[in-house]
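Secondary and tertiary structure notes
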Amino acid sequence: MRGYINIPRSVACTACMHCGARPIISMVEQGDYVVKCPNNDSHYQTNPGLIDIDDWNQHNMQNLEVEFDHSSMIACHDSQLNYTMFLTV
Ligand SMILES: [Zn+2]
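I will try to describe carefully the structure that is included in this document. Please read all numbers here as calculations on a predicted model, not as lab measurements.

This next bit is on the overall build of the protein. Along its length, the protein carries two helices and three strands. Counting from the amino terminus, helix and strand elements in the protein follow one another as β-β-β-α-α. Relative to its full complement of 89 residues, the protein shows a buried share of 20%. Taking as baseline every contact in the protein between residues at least 6 positions apart, the subset at least 24 positions apart corresponds to 43%.

Shown next as structure tokens:
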């Protein structure tokens with residue numbers, strides 16, 4: 001069983017450096033999570049474990065071709081107002 005969690009807007013995270021998607025949190029095993037691109041598993045994803053958005057951010061910052069202003073960084077640059085939380089616990 002896999003559950004996906006959309007990261008709340010209040011959490012600062014960068015978009016996927018490959019496709020610009022907002023990352024999601026996926027549960028890979030009981031208690032283990034990865035932060036990953038929702039579009040493609042070959043795009044960067046964090047190692048399974050605790051939810052590590054900092055690690056995602058570090059790996060997806062290097063290729064920002066657009067200038068994010070401070071407010072859009074915090075808001076996670078998201079066009080889809082879709083914040084389903086904890087579909088699977
Ligand atoms: Zn991607």
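Turning next to the pairing of strand E2 (residues 24–29). Here strand E1 (residues 4–6) runs beside E2; their pairing, made up of three bridges, is antiparallel. When the bridges of E2 are listed, Asn-6 appears paired with Ile-24. Pairing between E2 and strand E3 (residues 32–36): five bridges, direction antiparallel. When the bridges of E3 are listed, Ser-26 appears paired with Val-34.

In this section: the sheet that holds E2. As summarised here, the arrangement of the three strands in space is E1-E2-E3, forming an open sheet in which the pairing is antiparallel. Single-partner strands in this sheet number two, and they are E1 and E3. Averaged over neighbouring strand pairs, the angle between their axes works out to 30° when direction is ignored.

A word on the environment of Asp-32. Within the fold, Asp-32 resides in strand E3. Judged by the 13 C-beta atoms lying within 10 Å of it, Asp-32 falls in the partly exposed class.

Another point: the environment of Asn-39. In this structure, Asn-39 sits in the loop between E3 and helix H1 (53–60). On the basis of neighbour counts, which here come to 13 C-beta atoms within 10 Å, the residue Asn-39 falls in the partly exposed class. Asn-39 sits 17 residues away from Arg-22 along the chain, and the two C-alpha atoms are 9.4 Å apart. Beyond its immediate stretch of four places on either side in the chain, Asn-39 contacts Cys-19 and Ala-21.

Calculation rules
Residues numbered from 1 in each chain as written. Predicted model: local features only at pLDDT ≥ 70, side-chain atom pairs only at ≥ 80, totals over all residues. Helix = DSSP H or I, 4+ residues; strand = E, 2+ residues; numbered from the N terminus. Buried ≥ 20, exposed ≤ 12 C-beta atoms within 10 Å, placed from the backbone. Contact = placed C-beta atoms within 7 Å. Pairing = 2+ DSSP bridges. Axes fitted to C-alpha atoms, helices over the stretch in contact; angles between N-to-C directions.

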